[in-house]
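Here's the letter readout for the chains.
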Amino acid sequence: MPILEKITEGLLYPLPWVSYVILLFFLVTCCIISTWIATILLKKPLRKNVIAFLLSLFAALAIIEGFMVATGFMATYLEERGLGRPLDPGYCSDRPRIRLPNSAVNFNTRAFSYSRTTNNHGFSDKNWEEKNKSIRVLALGDSFTEGDGTSVDSTWVSLAESRFLADGLDVEILNAGICGSDPFEELKKYRVELYKLNPDIIVIPVSTSDFVYDCYVRGGLDRYDTPGLKLSFAEMVYAFSRIGRLVYSNFGYNDLLMQTKDTAWIKKESMRHIADAVEAYALIDSIPVHIVLFPWDEEVTSESYVYSLNISLANACEKYPSVYYHDLRECYSSTLKKEGLVSKNLWWTPIDGHHKPKGYVMMADCIYENIRPHLKRAVAKHELQNQNF
């Protein structure tokens, strides 16, 4: 039943109106139970006052919560983008998150608005047909690969492919990026579905937030051992209640429900996830995997990555001959200096943090420069094999 499925989905990955109804239902239920207990346990004079207090309390909480929602106070990034809550069971499901083929996709913020239609496989790219190029590159990744913040023909994938073709390299790049994805989810998607595309090379751009935030919150490959969301009471309160977030923030907790003193643990977990991810990608059918680390604007400005995770990622990649590490920070810095720009010129609002179209040009140019020697060798090897046949 589609309606029942929609309601069930709403409980796990709430659309705004669904989550507000759930919270209101929770408050009303608590109010009813509290007044019922007061009716049973308290004598008449005191009972009336307590019930009036409880009704006033729950009414005040509902009004305050509604005011915070209406004004956007304590809203998360996903809520500001109109993307619901970060409780998507797809992150932990055996079935990877892939959009419906030939369906509309809209990327909207206060700063930009872009629309596109998914291809015959459910991705924001041209239709994927039988392999007709010497080398097929599969581009995995999150919103920076899918191209959140630009048009479908201006993603780094589209721009880099055009540059390779202009160089005379017989290459096609398939854009398999999905907004909100992380390296482990991309690996799951490849194992379940994308391996059928028979790529010759895999390229996956990553940022420090993939490991510091996404993998820390969702877990690594172990999340697929027992599929399904595993939420604590604190996480549920944070997801549904703006008042709850305000309380947590005043006790020094961030949006990871961690305190500043716990950042050492986040760093340790991030390094563990990096090692696990690189090892897992190294086992992909002997296909070369290029892991591309791109910086956030503050990492360009400070000339260093969060927790120095670039070092952890480089060391992990060195262990495996089929995994190549590329760091774009120097390329970004030199591009900015050459054009006389500061990093903020190439990004959207601080709330969003995605590239502007000009930023995607820079990203495409830097990835092109890093992987071009590898693609040239791959194309030459392919042509030599064809000549021998």
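Going by the structure above, here's the rest.
Residues numbered from 1 in each chain as written. Predicted model: local features only at pLDDT ≥ 70, side-chain atom pairs only at ≥ 80, totals over all residues. Heavy atoms only, no water.

1. Looking at the overall build of the protein chain
Counting secondary structure elements, the protein chain contains 15 helices and seven strands. Expressed as a percentage of the 389 residues in the protein chain, the buried residues total 46%. Sequence-distant contacts, at least 24 apart, represent 74% of the contacts inside the protein chain between residues at least 6 apart. Counting only carbon and sulfur atoms, one obtains 61% of the accessible surface of the protein chain, whose full area is about 20000 Å². (Helix = DSSP H or I, 4+ residues; strand = E, 2+ residues; numbered from the N terminus. Buried < 20%, exposed > 50% of the residue type's maximum accessible area, 1.4 Å probe, protein only. Contact = heavy atoms within 4.5 Å. Areas by Shrake-Rupley, 256 points an atom, 1.4 Å probe, with all protein chains shown as cover.)

2. A short note on the packing of aromatic side chains
Between two aromatic rings, the relevant description is the distance of the centres plus the angle of the planes. Going through the model one piece at a time under the given rule, you end up with five aromatic pairs. Members of the aromatic cluster, joined through ring pairs, are Phe144, Phe294, Trp296 and Tyr360. Residue placement shows Arg163 over the ring face of Tyr368; its charged tip is 3.8 Å from the ring centre. We note Lys188 situated over the ring of Tyr224; from NZ or CZ to the ring centre the distance is 5.0 Å. (Phe/Tyr/Trp six-rings, centres within 6.5 Å; stacked < 30°, edge-to-face > 60°. Lys NZ or Arg CZ within 6 Å of the ring centre and 35° of its normal.)

3. Concerning unusual backbone geometry
Even without being glycine, Asn198 reaches a positive phi, approximately 55 degrees. Within the fold, Asn198 resides in the loop between helix H7 (183–192) and strand E5 (201–206). A positive phi angle, near 55 degrees, is found at Tyr307, a position not held by glycine. Mapped onto the elements of the fold, Tyr307 is located in the loop between helix H12 (297–302) and helix H13 (309–318). Judged by relative accessible area, Tyr307 falls into the partly exposed class, the value being 26%.

4. Remarks on H7
Three- or four-residue spacings in an α-helix give side chains the same orientation, since the helix completes a turn every 3.6 residues. Of all 10 residues that make up H7, eight are buried, and the element is covered over most of its length. Along H7, the residues classified as buried are Pro183, Phe184, Glu185, Glu186, Leu187, Lys188, Lys189 and Tyr190. Those residues of H7 hidden inside the fold are in contact with strand E3 (135–139), E5, helix H8 (208–218) and helix H11 (263–282). Where H7 begins, one side-chain oxygen reaches toward the backbone nitrogen of Phe184, 3.0 Å away; that side chain belongs to Asp182. (Polar contact = N/O pair within 3.5 Å; in protein donor to acceptor, adjacent residues only side chain to side chain.)

5. Some details on the state of the cysteines
Scanning the model with the defined rule gives one disulfide in all. One disulfide in the model links Cys331 with Cys366; its S-S distance is 2.1 Å. Judged by the sign of its S-S torsion, about -90 degrees, the bond between Cys331 and Cys366 is left-handed. Residue Cys331 is located in helix H14 (residues 329–339), and its partner Cys366 is located in helix H15 (residues 357–388); the two are separated by 35 residues in the primary sequence. (Disulfide = S-S within 2.5 Å.)

6. Section: the packing of helix H9 (residues 233–240) against helix H10 (residues 242–250)
Their axes nearest at 5 Å, the elements H9 and H10 cross at an angle of 120 degrees. Viewed along their axes, H9 and H10 form a crossing whose handedness is left-handed. On the side of H9, the interface is formed by Ala234, Val237, Tyr238, Ala239 and Phe240, while H10 contributes Arg242, Gly244, Arg245 and Tyr248. Across the contact of H9 with H10, the residue classes break down as six nonpolar, one polar and two charged. (Axes fitted to C-alpha atoms, helices over the stretch in contact; angles between N-to-C directions. Left-handed = near helix turned anticlockwise from the far one by under 90°. Nonpolar A, V, L, I, M, F, W, Y, C, P; charged D, E, K, R; others polar.)

7. Looking at the pairing of strand E1 (residues 104–108)
Side chains Val105 and Phe107 of E1 all project onto a buried face; the interleaved residues Ala104, Asn106 and Asn108 project onto a face where none is buried. In the sheet, E1 pairs with strand E2 (residues 113–117) via five bridges, with the strands oriented antiparallel. Bridged to Asn106 within E2 is Ser115. With antiparallel pairing between neighbouring strands as the criterion, E1 and E2 make up a hairpin whose turn holds four residues. (Pairing = 2+ DSSP bridges.)

8. As for the sheet that holds strand E7 (residues 323–327)
Spatially, E4-E3-E5-E6-E7 is the arrangement adopted by the five strands of the open sheet, whose pairing is parallel. Strands at the two margins of the open sheet, each flanked by one partner only, are strand E4 (171–175) and E7. Neighbour-to-neighbour, the strand axes of the sheet open up by a mean angle of 20 degrees, direction not taken into account. Where E3 lies against E5, three bridges are found, and the strand directions are parallel. Among the inter-strand pairings, Ala139 is bridged to a residue of E5, identified as Val203.

9. Comments concerning the pattern of salt bridges
For the structure on display, the rule yields 18 salt bridges. For the salt bridge of Glu172 with Arg136, the shortest nitrogen-to-oxygen distance reads 2.7 Å. Note that Glu172 is positioned in strand E4 and Arg136 in strand E3, a separation of 36 residues in sequence. Like Glu172, the residue Arg136 is buried in the burial classification. Measuring nitrogen to oxygen at the nearest pair gives 3.0 Å for the salt bridge that ties Asp365 to Arg163. Of this pair, Asp365 sits in helix H15 while Arg163 sits in helix H6 (residues 156–166), and the two are 202 residues apart along the sequence. We classify Arg163 as partly exposed; its relative accessible area is 31%. Through salt bridges with shared partners, a single ionic network connects Asp182, Asp214, Arg218 and Arg223. (Salt bridge = Lys/Arg side-chain N within 4 Å of Asp/Glu carboxyl O.)

10. Some words on the side chain of His374
Checked against the element boundaries, His374 lands in helix H15. You can call His374 buried: its relative accessible area is 17%. Within the structure, the side chain of His374 is placed 3.1 Å from the side chain of Arg377, a separation counted as a polar contact. Discounting residues that sit within four places of it in the chain, His374 has contacts with His290, Tyr324 and His326.

11. Examining the environment of Pro288
Its place among the elements puts Pro288 in the loop between H11 and strand E6 (289–293). Taking the relative accessible area as the measure of exposure, Pro288 reaches 26% and is therefore partly exposed. Between the C-alpha atoms of Pro288 and Val203, which are 85 residues apart in sequence, the distance is 8.6 Å. For Pro288, the contacting residues outside a window of four places in its chain are Asp200, Ile201, Ile202, Ser322 and Tyr324.

Shape descriptors only; they carry no functional weight alone.
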